[in-house]
Amino acid sequence: MEFDYEIEELVEVLEDQDSDEFKDLVVHNDDFNTFEHVTNTLIKVCKHDVHQAEQCTYIVHYKGRCSVKKGPFNKLKPMKDGITDAGIKATIE
């Protein structure tokens, strides 16, 4: 039931938008994006400096995921969209 999953995800997103609670923007590892692409995306989208972006990229590679930013949902959502638009898996948790 793929449809049910999409509805549940949408409900969670709508509930999270009203929350002032801080969330984590998490980038996930994959087998096709290069270190350079992930690093450059974090610099562009999250405004990381080169050193911070490289550290996050290595953590993603070796640990499978990395929290790259903390903040309220409404601040993280555009960043998540920018990262996923670049072909990199990201979630807000």
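In short, a report on the structure. (Residues numbered from 1 in each chain as written. Predicted model: local features only at pLDDT ≥ 70, side-chain atom pairs only at ≥ 80, totals over all residues. Heavy atoms only, no water.)

Here helix H4 (residues 73-85) spans 18 Å end to end across 13 residues, near enough to the 18 Å set by a 1.5 Å rise per residue. Residues Phe-73, Leu-76, Met-79 and Ile-83 constitute the buried set of H4. Looking straight down H4, one finds its buried side chains confined to an arc of 130°; they lie on one side. Counted as exposed and oriented over 90 degrees from the buried face of H4: Asn-74, Pro-78 and Asp-85. Directly beyond the C-terminal end of H4, a positive phi value near 85° is found at Gly-87. (Helix = DSSP H or I, 4+ residues; strand = E, 2+ residues; numbered from the N terminus. Expected span 1.5 Å × (residues − 1). Buried < 20%, exposed > 50% of the residue type's maximum accessible area, 1.4 Å probe, protein only. Arc of directions from axis to C-beta.)

All right, on to a nonpolar patch on the surface then. Taken together, Phe-35, Tyr-58 and Tyr-62 make up a surface patch of nonpolar side chains, about 360 Å² in accessible area. Its place among the elements puts Phe-35 in helix H2 (residues 35-46). Assessed through its relative accessible area of 32%, Phe-35 is described here as partly exposed. (Patch = residues over 30% accessible without salt bridge, like charges linked within 9 Å, V, L, I, M, F, W, Y side chains within 5 Å. Areas by Shrake-Rupley, 256 points an atom, 1.4 Å probe, with all protein chains shown as cover. Salt bridge = Lys/Arg side-chain N within 4 Å of Asp/Glu carboxyl O.)

In this section: the packing of H2 against H4. It is at 10 Å that the axes of H2 and H4 come closest, and there the two elements cross at 150°. The pairing of H2 with H4 is recorded here as roughly antiparallel in orientation. Crossing geometry of H2 relative to H4 is assigned as right-handed. Across from Thr-41, Leu-42, Val-45 and Cys-46 in H2, the residues of H4 making contact are Met-79, Gly-82 and Ile-83. Within the contact of H2 with H4, the residues separate by chemical class into 5 nonpolar, 2 polar and no charged. (Axes fitted to C-alpha atoms, helices over the stretch in contact; angles between N-to-C directions. Parallel < 35°, antiparallel > 145°, perpendicular 65-115°, else oblique. Left-handed = near helix turned anticlockwise from the far one by under 90°. Contact = heavy atoms within 4.5 Å. Nonpolar A, V, L, I, M, F, W, Y, C, P; charged D, E, K, R; others polar.)

Here the focus is the packing of aromatic side chains. All chains considered together, the criterion is met by 2 aromatic pairs. Consider the rings of Tyr-58 and Tyr-62, whose centres lie 6.4 Å apart with planes at 5°: the pair is stacked. On the criterion of helical spacing, the pair formed by Tyr-58 and Tyr-62 is a turn pair, its members being 4 residues apart in helix H3 (residues 50-63). Three or more aromatic residues joined by ring pairs make a cluster, and in this case those are Phe-35, Tyr-58 and Tyr-62. (Phe/Tyr/Trp six-rings, centres within 6.5 Å; stacked < 30°, edge-to-face > 60°.)

These figures capture arrangement, not role.
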